[in-house]
Structure formats: C-alpha cells, structure tokens
Amino acid sequence: MEKEIHQLNKAGTTFRTIIEPFKIKSVEPIRMTFRAEREKILQNAFYNIFSVKARDVIIDLLTDSGTSAMSAEQWSGIMRGDESYAGSQSYERFEKTVKDIFGFKHVIPTHQGRAAERILFSVMCKRGDVIPNNSHFDTTRANVEFQGAVAEDLVIKEGLDPQNQYPFKGNVDAEKLKALIKHVGKDKIPLCMITITNNSGGGQPVSMENIREVKKVLSKYNIPLYFDACRFAENAYLIKLREDGYQDMPVKEIAKEMMAHADGCTMSAKKDGLSNIGGFLCTNDDLLAQRERDLLILTEGFPTYGGMAGRDMEAVAVGLNEVLKEDYLIYRIAETRYLGDHLYETGFPIVQPPGAHAIYIDAKATLPHIPPSQYPGQALVAELYLAGGIRGVEIGSVMFGKVDEKTGKETSAAMELVRLAIPRRVYTQSHIDYVLEACKRVWENREKLKGFKIVKQAKSLRHFTAKFEPF
Ligand code: F0G
C-alpha cells in the first residue's frame, strides 16, 4: 500500500498534513456522557446499539448512510427545490446529473437504495432464480429472497481473509461465476450484481480489470450486469490509487468507464450522493424501464420524483458532483486510513487494507476467548459504547447468523466484524483522535469482555431489534 500513500501525498499538497477541505458553517452540539450513565443506557436498550438514542451517543459511527453534512451549495439547492408533482425542474437537474455521470438511458428516482432494489428485483426476478453478487448487502439479500430467489455471494477468496493486503478484495471470482452459470443454467440468472465498494465484505473496492472480466463472462450468456453503486466515487478513487493505468485519469472519467460496462444500477444517494435521503434505479432497457416506472407509481411516486421531494433531488444532484472532487476524496481516504492505521498500531486486527467508508475490526481475532455463538462483535460494540460513547455496528453472526427454523440451531457468519463507518464531512481529526483513545482503553480491557446471548429476536433482519443479555 506504499503506492497508495505516495499517490495520496502527491495528489494532496506539498504538506504532509491532509486537511479537511472545507470550513464549518453550521454546527450540531454533542452531549457528553460518562461511563456510569452509559452503563444504564445500554442496559435499558437490552444491549442493542440500535435502541440507544442518538442524543446518548458521543461519536456516531453506526453508518455512513444519510449522515453526510451537506454543503452550502446543497442547502441552496434545498431552497431551489421545485415541488411540482409532475415535470419538476429539480427532476430535470437530477436526471441530467445522473445521466452525465452514470451514462444510463433511464433514471428512475426512489426514496432510497432499497426501494430501487425492490423495484429491480420485483421486475427482473422470479421464484427459483439465482442472483450472483460479490457480497449482497443485507437489504439487497432480503429483497432478492423476498422474490423467492437465491442470493449467491461470489467474492474472491482474498475477500474473506481479513489480514490479506490484496488491493481489490471486493472482486468477483470469475471462475466461480462461470461455474455457477454452468451449474444452474443462464436462464435462472436474470442479472448479476457487483457491489461497489463491497460493504458486507469490509468496504473493499472492485478493480476495473475485474469489472471487465465479469462483463465478458456475462456477455457470453446475455446476462445483464448491474452495479449496487452506493459508493461508486470511493470505488473509482481507489481504482485511481491502486490500479495501474488510472493514476492520471480524472476520477469522474474512471466512474464513467466503470458504468459503461454495466446495463444499469441501483443507488442509495445517502452514501456517495452526499445527501440525507434519496436514491435511484438506472437501466438501458426501454421495456424494463416502463415496467419499473409502472411499479414506481404504485408504491413510490410519480416518475419525476419517485419517493423524493424536489429539494432532495436538488441536494443529490449537487452532491453527486461534489463527491467526485478529488480534494474531497483525498481527505476522505486519508481520514479513514488514519483511523485504520492507528487502530492497527494499537494492536487491533482490522480488515486490511483500509477502504474508504469504514474500518472493520476483526472481533473474532480481537476477542478469541468469546466464541462466535456468543457474538464477539456484539461484545466489542457494547464496550466501545461504554468506553467512549462510540456507536459502531456488528457485522457478524448477529447480523448474518442463520437460525434453522425447525431445530433452532444457529450457523455462525463467515466473519465476526465490527464496522466503524465514517459519516462524510462530519467529524474532524480530533474526533477521530478521541475514538482512537477510547479504542485503546477497549484494547487494554479486552480480556475481561464477556459474550452475549439473544433473548428475543425477529425472524428476519434480527439485528435491528434483538434483545441481548450478557453472559
Ligand atoms: N447497498 C449497499 C451496499 C448498502 O450499503 C446499502 C445501505 C444499501 C444497498 C441500501 O441503501 O439504506 O438507501 O436503502 N447501507 C447502509 C449501511 C444502511 O449502513 O451500510 P438504503
């Protein structure tokens, strides 16, 4: 990763310090709490961090989704919003921007990413189909399964090895993809997805070479390729830093080249749209677009707003251009890398190399005395909150463990991770230093941590509402 650091420095300034490339115009106070207070709060929340109130959190690293700070330009867009039901000017600006960057023929606005997923899979999938992906995000998997289809994760083997330093651990295993197509038959695969960057697999990027290779395999069988494009700008910038031949290409051109290989995409503008809400679905297929718009009208809204207000579309249109600015991306990657490198120095085993939107701590390796059946990720999330009021999220067996309905027996997830996601343009260097200080205390105390058991859970997406008890 030396090359990446060199590139970052070259692209930054002649100074070693990479600064936040913005000034702060509006602030939101943080309420400070003490450990004794947090102990009570966590107990009352049945140790589920999703049940803790935001006002009781000091640094909120639960998600990078919908948590961005908007720019002055975006707030101006909010005032400009045209709230006409049909043919809004805000939609025109939104559509023009999306077409300019993503290049697809049809742009269908939705209130967020999962609405785009639901419409896409409702229209393209049927019971018994199989959808390959590098790794499905939880809502993507749930939407595939809701149609009675099977979600297959085909990430390369390096992507499942947290310590491996391979630069594109989000890549799809093209051999596994070929084998899957041969095994189930091309007619059972209505589309293939690639998640850029691969959120469930540690926020790892996908290389342009891999995108080309996957497209080549799919073209042979006439299977369309769709991106789950939530973090497309971060993926494009990591290509610039890590893949030969892209160092001198503007990141917007890299993004366009990525998109040119696909037939469509789903997008949550809550990530690389730098907005608090919004999303879209794109396709080049006229017939599909028609059916998708019909469904959109039924549940989301008229095709010139989907589920968004006019002002939201303005914020997204501005955000999509701002997210491609290289000053912003240099800072974004540097902030995440700073957190990752210092956690590693403290001793934490993290998913290597650091990506763009989050650092993922390997909880299984951090807490080897807690077996996966007692949720080491949950134990770490709880202690991070107690130590510093920091909210992270478990991405392990609480989120992805499978409970057999007949026997009640649980199969653990492939990895036990804790994600510290960094909201865009929200926290400064000293906030991250505070997180590191709290993490150091957790590290020093790690041998005393205990596992958890689940005492109440829902049948699907249980992590949001489960109740826990410490062992
Ligand atoms: N795809 C990926 C890769 C995502 O990370 C998310 C959301 C979605 C789809 C769904 O988008 O939330 O707008 O409906 N990820 C958030 C997260 C929730 O915390 O990682 P949405």
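Residues numbered from 1 in each chain as written. Predicted model: local features only at pLDDT ≥ 70, side-chain atom pairs only at ≥ 80, totals over all residues. Heavy atoms only, no water.

Trainee: Please explain unusual backbone geometry as it appears in this structure.
Mentor: Comment: phi is negative for the bulk of residues other than glycine, and the bulk of peptide bonds are trans. A cis amide bond links Ile196 to the next residue, Thr197, at an omega of -15°. Tracing the chain through its elements places Thr197 in the loop between β5 (192–195) and α8 (208–220). The backbone of Asn222 sits at a positive phi, close to 60°, despite the residue not being glycine. The topology assignment puts Asn222 in the loop between α8 and β6 (225–228). Notably, Tyr375 is not glycine yet its phi reads approximately 55°, a positive angle. Mapping Tyr375 onto the fold places it in the loop between α14 (363–366) and α15 (376–388). (Helix = DSSP H or I, 4+ residues; strand = E, 2+ residues; numbered from the N terminus.)

Trainee: How do you make sense of the pairing of strand β3 (residues 130–133) when you look at a structure like this?
Mentor: Judged by which residues are buried, β3 turns out to be covered on both faces: Val130 and Pro132 on one side and Ile131 and Asn133 on the other are all buried. Crossover connection from β3 via helix α6 (residues 138–146) to parallel strand β4 (residues 150–153): handedness right-handed. (Buried < 20%, exposed > 50% of the residue type's maximum accessible area, 1.4 Å probe, protein only. Right-handed = clockwise from strand over helix to strand, strands pointing away.)

Trainee: Looking at this model, I keep getting lost on the sheet that holds strand β14 (residues 417–421). Mind explaining?
Mentor: Strand pairing in a sheet relies on backbone hydrogen bonds. The paired strands run either parallel or antiparallel. Strand order across the open sheet formed by three strands is β9-β14-β11, with antiparallel pairing between neighbours. Edge positions in the sheet fall to β9 (358–362) and β11 (393–395), since each has one partner strand and no second. Between one strand axis and the next, the sheet turns through 35° on average, direction left out of account. Direction of pairing for β9 relative to β14: antiparallel, over a ladder of five bridges. In the sheet register, Asp362 faces β14, and the bridge partner there is Leu417. Along the sheet, helix α13 (residues 326–346) contacts β9 and β14; its crossing angle with β9, the most-contacted strand, is approximately 20°. Contacts from α15 reach β9, β11 and β14 within the one sheet, and its direction differs from that of β14 by about 40°. (Pairing = 2+ DSSP bridges. Axes fitted to C-alpha atoms, helices over the stretch in contact; angles between N-to-C directions. Contact = heavy atoms within 4.5 Å.)

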